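Survey of secondary and tertiary structure
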Amino acid sequence: MTYDLYSLTKKEIAELVSSLGEKPYRGKQIFTWVYRGVTSFDEMTDVSKAFRSKLAEVCTMELPRIERKQVSVDGTVKYAFRLSDGEVIESVVMVYHHGNTICLSTQAGCNMGCRFCATAIGGKTRDLTAGEIIGQIMAAQRDLNCRIGNVVLMGMGEPLDNMENVLRFMEIANDVDGINIGYRHFTLSTCGLCDKIELLGQKQLPITLSVSVHSPFDEERSEMMPVNKKYPLAKLVASLKKYQEATGRRISIEYALIRDKNDSAAHAAALMNLFAGMQYHVNVIPVNPAREGFVKSSKENVRRFLDCFAKKNIPATMRRELGADISAACGQLRHQVQTGKKS
Ligand code: SAH
């Protein structure tokens, strides 16, 4: 049995260390070394040589390998990472005034089947371990020689379909002796798995929950997002209300604007109706034309859509499009790597 150190919490490393006959406080030392970014056990200089070699026998400390990297003119960096079993996943680092944000993958592929999403093609291969999720941060920090202070779980995969590993990942990344990212700096995006939303609410973490809505009408949403057949809008809103009651946190709504499909004033009005009485913010994104049949809304329609919310004093903003020149849409870089295409 080998243990992936990146998948263990500080407490678990302490337990492991003591099961190997060392004092548990050594666990904290080792945890700290791991997140300082050492590449070998020999760099853990305050740990005895004998114990370092014992650790090397039972533990691994491997990061995802950079398979391809693209740098945008706006500073956005996109990675295709190769995992130990050959799977390829993507992460994106975005540079904002308030610091660096990383967009992480939580699964290799995805089973949710959203029609507009490039990751959905081919379904899910497997869940990522907590270590593979945190490894994306460590590998990017090492490559860019910078600190990453914000995390959005909006890469490949459905975080709530891999909830245990995602929660474990957040606990590890939150640790003050590790990467030390406060829970307020995490955004978890879901397509709307209601049972899991309620479970997450019970944990009362001060993270931001983002929900991909994309249409306020069941028929249309089911067409775009098959998950809506199992968890229709009324059910979704009920779960979000429970989540909000449990956490007191404002919800973020993701809404990708598709030309002449979901960008009318009637859509905006129905969306406000649906979320009436809740604390929320609408994040509008022009759809990324990753799949056939999905075209970005015109500037006028985007403006009209945003104005509907402004008139009712509901916060709605258009997300700044970063990395547009580097094939942007999630899933595309992975596709290029897998088919051997050059970008
Ligand atoms: N599975 C989660 C998180 C990953 S997707 C979720 O569904 O929320 C992150 C966000 O990107 C979601 O809001 C998703 O709907 C959106 N998205 C996927 N493909 C897109 C595209 N082609 N254009 C715009 N947004 C897209």
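What comes next concerns the included structure. (Residues numbered from 1 in each chain as written. Predicted model: local features only at pLDDT ≥ 70, side-chain atom pairs only at ≥ 80, totals over all residues. Heavy atoms only, no water.)

Let's shift gears to the overall build of the protein chain. Scanning the protein chain from terminus to terminus reveals twelve helices and 14 strands. On C-alpha atoms alone, the protein chain measures out to a radius of gyration of 21 Å, which is about the 20 Å that the 2.2 N^0.38 rule sets for 343 residues. Relative to its full complement of 343 residues, the protein chain shows a buried share of 55%. Of all intrachain contacts in the protein chain linking residues separated by at least 6 positions in sequence, the fraction that spans at least 24 positions is 67%. (Helix = DSSP H or I, 4+ residues; strand = E, 2+ residues; numbered from the N terminus. Rg over C-alpha atoms; globule rule 2.2 N^0.38 Å. Buried < 20%, exposed > 50% of the residue type's maximum accessible area, 1.4 Å probe, protein only. Contact = heavy atoms within 4.5 Å.)

A word on the pairing of strand 5 (residues 88–96). For strand 5, a buried count of seven out of nine residues is recorded, marking the element as mostly surrounded by other parts of the structure. Bridge count between strand 4 (residues 77–82) and strand 5: six bridges; the pairing is antiparallel. The partner of Ala-80 across the bridge, within strand 5, is Glu-90. The antiparallel hairpin formed by strand 4 and strand 5 contains five residues in its connecting segment, where Gly-86 sits at a positive phi of about 95 degrees. (Pairing = 2+ DSSP bridges.)

Next up on the list: the environment of Thr-317. The topology assignment puts Thr-317 in strand 14 (residues 316–318). Classification of Thr-317 as partly exposed rests on a relative accessible area of 38%. Each C-alpha atom of the pair Thr-317 and Val-282 lies 6.3 Å from the other, and the pair is 35 residues apart in sequence. Residues in contact with Thr-317, not counting those within four places in the same chain, are His-281, Val-282, Asn-283, Val-284 and Leu-306. Here the side chain of Thr-317 touches His-281 through a polar contact of 3.0 Å, side chain to side chain. (Polar contact = N/O pair within 3.5 Å; in protein donor to acceptor, adjacent residues only side chain to side chain.)

Let's shift gears to the packing of helix 10 (residues 265–274) against helix 11 (residues 299–311). As a packed pair, helix 10 and helix 11 sit with axes 9 Å apart at the nearest point and diverge in direction by 35 degrees. Crossing of helix 10 over helix 11 shows right-handed handedness. Seen from helix 10, the contacting residues are Ala-265, His-267, Ala-268, Leu-271 and Met-272; seen from helix 11, they are Arg-304, Phe-305, Cys-308 and Phe-309. Taken together, the residues of the contact of helix 10 with helix 11 break down into seven nonpolar, one polar and one charged. (Axes fitted to C-alpha atoms, helices over the stretch in contact; angles between N-to-C directions. Left-handed = near helix turned anticlockwise from the far one by under 90°. Nonpolar A, V, L, I, M, F, W, Y, C, P; charged D, E, K, R; others polar.)

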